[in-house]
Amino acid sequence: MRLEQTLAGSGWFEQWGCVLTGVWPRREEPDVPEELTSPEGVDVEFHHVQAPGERACSYAYELFVTHDQPLEEQVRQLAARILADDPRKTAELQEG
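A quick note: this is a predicted structure, and the numbers were derived from the prediction, not measured.

Caption draft 1: A look at the pattern of salt bridges. Under the criterion given, the structure shown has four salt bridges. We note a salt bridge from Arg2 to Glu72, for which the minimum N-O separation is 2.9 Å. One end of the pair, Arg2, is in helix α1 (residues 2-10); the other, Glu72, is in helix α3 (residues 71-82), and 70 residues separate them in sequence. In this structure, the salt-bridge partner of Arg76 is Glu73, at a minimum N-O distance of 2.1 Å. Of this pair, Arg76 and Glu73 both sit in helix α3, three residues apart, which is roughly one turn of the helix.

Caption draft 2: Geometry of the pairing of strand β3 (residues 57-64). For strand β2 (residues 41-48) and β3, the ladder comprises eight bridges, and the chain directions are antiparallel. In the strand pairing of β3, Val42 is matched with Leu63. Judged from the three bridges that link them, β3 and strand β4 (residues 92-94) form a sheet pairing that is antiparallel. Residue pairing for β4: Tyr59 is matched across the bridge by Leu93.

Caption draft 3: Region of interest: the nonpolar core. Of all hydrophobic cores here, the largest spans 17 residues; its most connected members are Leu3, Leu7 and Val44. Breaking this core down by element, the ones donating at least two residues are α1, β1 (18-26), β2, β3 and α3. Examining the composition of this core, we find that four residues originate from one element, α3, more than from any other. Not counting chain neighbours up to four residues away, the residues in contact with Leu7 comprise Phe13, Leu20, Val23, Val44, Ala79, Ile82 and Leu83.

Caption draft 4: Local environment of the packing of α1 against α3. Axis separation between α1 and α3 bottoms out at 10 Å; the angle between their running directions is 35°. The element α1 and its partner α3 pack so that their crossing is right-handed. Contacts between α1 and α3 pair Arg2, Leu3, Thr6 and Leu7 from the former with Leu71, Glu72, Val75, Leu78, Ala79 and Ile82 from the latter. Looking at the contact of α1 with α3, its residues break down into seven nonpolar, one polar and two charged.

Caption draft 5: Broad picture of the state of the cysteines. A complete count under the given rule lists zero disulfides for this structure. The thiol of Cys18 is unpaired, and the distance to the nearest cysteine sulfur, on Cys57, comes to 9.1 Å.

Caption draft 6: Just the side chain of Gln74, in detail. Among the secondary structure elements, Gln74 is positioned in helix α3. In contact with Gln74, not counting residues within four places along its chain, are Val65, Thr66 and Gln69.

About the cut-offs
- Residues numbered from 1 in each chain as written.
- Predicted model: local features only at pLDDT ≥ 70, side-chain atom pairs only at ≥ 80, totals over all residues.
- Heavy atoms only, no water.
- Salt bridge = Lys/Arg side-chain N within 4 Å of Asp/Glu carboxyl O.
- Helix = DSSP H or I, 4+ residues; strand = E, 2+ residues; numbered from the N terminus.
- Pairing = 2+ DSSP bridges.
- Core = buried A, V, L, I, M, F, W, Y, C linked by side-chain atoms within 4.5 Å.
- Buried < 20%, exposed > 50% of the residue type's maximum accessible area, 1.4 Å probe, protein only.
- Contact = heavy atoms within 4.5 Å.
- Axes fitted to C-alpha atoms, helices over the stretch in contact; angles between N-to-C directions.
- Left-handed = near helix turned anticlockwise from the far one by under 90°.
- Nonpolar A, V, L, I, M, F, W, Y, C, P; charged D, E, K, R; others polar.
- Disulfide = S-S within 2.5 Å.

Read these as spatial facts, not as claims about activity.
Below, the structure written as structure tokens:
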């Protein structure tokens, strides 16, 4: 996936003491009512590396895509959004 390559190659997460754990497309699921599924998009997950004995914090972005923009443009925009600031501040902390 292009977004994953862009993010992994940037070294951005490492600058903040984090590790990118995955980038997955999110699509509508067959046989699941539309109101129960998230809009089509991409999920980006990462975790903050803690000292030994501390619990790692996991974070995620739920990014949305459209069909009216070229894929390359959307990848660039999504990457720019993530790479603009400390990802621990702009992503959603995952309960675990």
